[in-house]
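What the coordinates show
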Amino acid sequence: MSNSNRIAVIGAGVVGGSVAFHLSEFGADVTVFDKNSAGSGASSHSFAWLNAFGKSPRHYFDLNHRSMELWTRFVEKLGKDVGLRWGGVVTYCAGSEGSQELLAQCRKVQEWGYAARLISREEFARLEPDMEIGPFELGVHTMSEGHVLPTKVAEACMDKVVEHGGEVHLNSSVDDISLEGDEVNLEVNGKNFVFDKVVIAAGTDSTQLADMASIKLPQRISPGVVARTAPIPPIIKNLSSLYLPPSDEWGNGIHIRQDHDGVVMFGAGDQENESDDDSQEYADSLIERAIRYFPALSDVEAIRVPVGYRPMPIDGLPVLGFAPEATNIYITLMHSGATLAPIVGNLSALEIMTGTKTDCLEPYRPSRFK
Ligand SMILES: Cc1cc2nc3c(=O)[nH]c(=O)nc-3n(C[C@H](O)[C@H](O)[C@H](O)COP(=O)(O)OP(=O)(O)OC[C@H]3O[C@@H](n4cnc5c(N)ncnc54)[C@H](O)[C@@H]3O)c2cc1C
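For clarity, every value in this text was computed on a predicted model and none was experimentally measured. (Residues numbered from 1 in each chain as written. Predicted model: local features only at pLDDT ≥ 70, side-chain atom pairs only at ≥ 80, totals over all residues.)

Attention now moves to the nonpolar core. Ranked by internal contacts, the top residues of the largest apolar core, which has 106 residues, are Val9, Ile10, Val198, Val199 and Ile200. The element that contributes the greatest number of residues to this core is helix H8 (residues 337-354), accounting for eight residues. Counting contributing residues per domain, this core is built from domain 1 (6-48 + 150-221 + 312-369) and domain 2 (89-143 + 223-308), each supplying no fewer than three. Other than its neighbours up to four places away in sequence, Val199 contacts Ile7, Ala8, Val9, Ile10, Val19, Tyr330 and Thr332. (Core = buried A, V, L, I, M, F, W, Y, C linked by C-beta atoms within 7 Å. Buried ≥ 20, exposed ≤ 12 C-beta atoms within 10 Å, placed from the backbone. Helix = DSSP H or I, 4+ residues; strand = E, 2+ residues; numbered from the N terminus. Domains from an automatic or database assignment. Contact = placed C-beta atoms within 7 Å.)

Written out as structure tokens, the structure reads:
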């Protein structure tokens with residue numbers, strides 16, 4: 001263990017929260033800064049589907065898969081209800097279009113040790129009795145997938161950091177980063193703070209913060225829109241989420257989930273679909289598509305959610321590790337941060353505290369941009 005363990009985490013989202021929580025478990029002297037409230041960034045816009053299905057290459061699939069397996073233990077440690085719901089996901093094709101790809105995808109992840117199976121229409125109907133399945137050609141049940149409420153996770157992490165003796169400064173914007181010898185200075189709301197190590201976990205703002213320390217961290221803009229409802233009685237009985245098939249009328253399919261508190265959330269395409277239309281008309285069109293499958297939504301109002309921006313490294317893969325330009329600044333930037341929060345928090349904290357380099361994070365080093 002390093003003796004220099006005054007560590008700042010910039011950003012209290014689901015990822016920064018998990019890193020801060022795990023650091024505090026390791027006994028670090030942790031201070032978290034967030035310019036707004038905990039979990040108010042991309043984490044508050046997320047569909048937060050915990051999955052590895054469809055993710056590649058193999059090492060990235062494995063990282064997501066391993067993280068899914070850590071979620072239950074992570075939530076037990078947080079000791080709060082953070083909306084974790086398992087049950088798996090059914091993805092299906094209404095006709096032959098796309099069904100060969102879905103079948104191939106299913107076979108591939110089975111070989112990679114993922115709990116995926118073909119599901120018959122009858123079994124699917126038994127799982128979701130209130131659903132109008134409509135035309136059904138081929139369905140895949142990815143059984144170990146779930147979802148979570150990332151803002152609640154981020155808040156629970158902050159509570160734990162404080163419980164472990166750390167400090168959390170909300171509404172506190174980090175406006176400058178400068179390096180002096182072995183130390184890192186942060187200017188926060190006009191005040192100066194000194195740390196031995198700093199973690200940049202500021203989501204889409206990470207690029208700008210990294211630039212202050214001359215660290216190259218290229219991102220692309222990736223807007224995403226979801227819509228939701230007020231709490232309603234359960235319409236999704238057993239699954240965590242569903243991926244409803246594309247149709248001629250609407251184009252791409254929609255993904256839909258229901259939380260324990262009854263809120264239904266939906267988004268177009270898959271969870272990486274890019275759109276910046278956060279109008280009420282768009283939210284209404286999403287619920288209209290869903291009504292065909294869940295008639296109980298007929299009288300339910302769609303609530304628009306403002307567009308969210310995914311933290312999205314330029315090559316789509318996470319950025320994890322100490323920066324080559326500033327070896328006491330650690331970067332955690334990624335899409336799929338909802339899925340990846342437990343493993344990233346755990347392994348980043350290990351690397352920061354011990355100086356170890358974990359093999360499974362090697363493909364994601366910031367040095368690839370230098
Ligand atoms: C529409 C949408 C759908 C998604 N669906 C999924 C999904 O299904 N599954 C999945 O795994 N992932 C999904 N994601 C991605 C996932 O939500 C993100 O990867 C994750 O939330 C990132 O968490 P974070 O903590 O890195 O960033 P954020 O949640 O953005 O947190 C960053 C924090 O940094 C703070 N900050 C920024 N600048 C400063 C500063 N200068 N000083 C202090 N604080 C600062 C912000 O206020 C913010 O709270 C989705 C994202 C979106 C937008």
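Before going further, it helps to examine the sheet that holds strand S12 (residues 197-200). Reading across from one edge, S8-S2-S1-S12-S21-S20 is the order of the six strands in this open sheet, with mixed pairing throughout. Because the sheet does not close on itself, it has two edges, and the strands there are strand S8 (167-169) and strand S20 (319-323). Going from strand to strand, the sheet's axes swing by 15° on average, the running direction of each strand aside. (Pairing = 2+ DSSP bridges. Axes fitted to C-alpha atoms, helices over the stretch in contact; angles between N-to-C directions.)

Right, let's talk about the pairing of strand S10 (residues 183-188) for a bit. The pairing of strand S9 (residues 174-180) with S10 spans six bridges and is classified as antiparallel. Within S10, the position partnered with Glu180 by the bridge is Glu183. Where S9 folds back on S10, the antiparallel hairpin that results is connected by two residues, among which Gly181 adopts a positive phi of roughly 60°. Bridge count between S10 and strand S11 (residues 191-195): five bridges; the pairing is antiparallel. Paired with Asn185 across the two strands is Val194, which belongs to S11. Taking the residues between adjacent antiparallel strands as the criterion, S10 and S11 are bridged by two residues, where Asn189 takes a positive phi near 45°.

Right, let's get into the site of the ligand. Around the ligand lies a shell of 40 residues, among which Gly13, Gly41, Gly203, Gly224 and Gly337 are the nearest. Taken together, the elements giving at least two residues each to the shell around the ligand come down to helix H1 (14-25) and H8. Of the residues assigned to the shell around the ligand, the class counts are 18 nonpolar, 18 polar and four charged. Mapping the shell around the ligand onto the domain boundaries places at least three of its residues in each of domain 1 (6-48 + 150-221 + 312-369) and domain 2 (89-143 + 223-308). (Near = placed C-beta within 6 Å. Nonpolar A, V, L, I, M, F, W, Y, C, P; charged D, E, K, R; others polar.)

Sheet architecture is open: eight strands sit in the order S5-S6-S4-S15-S16-S17-S14-S18, paired in mixed fashion. The outermost strands of the open sheet, each flanked by one partner alone, are strand S5 (116-119) and strand S18 (303-304). As judged from the three bridges shared by strand S4 (residues 89-93) and strand S15 (residues 241-244), these two strands associate in the parallel manner. Paired with Val90 across the bridge in S15 is Leu242. Packing against the sheet, helix H3 (residues 99-111) makes contact with S4, S5 and strand S6 (138-142), and its axis sits at approximately 30° to S6.

A few words on the packing of H1 against H8. Across the interface, H1 lies against H8 with an axial gap of 8 Å and an inter-helix angle of 35°. The two elements H1 and H8 cross, and the hand of that crossing is right-handed. Residue-level contacts link Val14, Val15, Ser18, Val19, Phe21, His22 and Leu23 of H1 to Gly337, Ala338, Ala341, Pro342, Val344, Gly345, Asn346, Ser348, Ala349, Ile352 and Met353 of H8. For the contact of H1 with H8, a count of residues per class yields 12 nonpolar, six polar and no charged. (Left-handed = near helix turned anticlockwise from the far one by under 90°.)

So, about the environment of His45. The topology assignment puts His45 in the loop between strand S2 (29-33) and strand S3 (49-50). Judged by the 22 C-beta atoms lying within 10 Å of it, His45 is buried. In contact with His45, other than residues within four places in its own chain, are Gly224, Val226, Val305 and Gly308.

Our next topic: the packing of helix H2 (residues 58-78) against H8. H8 packs onto H2 with a crossing angle of 85° between their chain directions and a minimal axis gap of 7 Å. The orientation of H2 with respect to H8, classified from their angle, is roughly perpendicular. Where H2 abuts H8, its residues Leu63, Asn64, Arg66, Ser67, Met68, Leu70, Trp71 and Phe74 lie against Thr339, Leu340, Pro342, Ile343 and Asn346. Across the contact of H2 with H8, the residue classes break down as eight nonpolar, four polar and one charged. (Parallel < 35°, antiparallel > 145°, perpendicular 65-115°, else oblique.)

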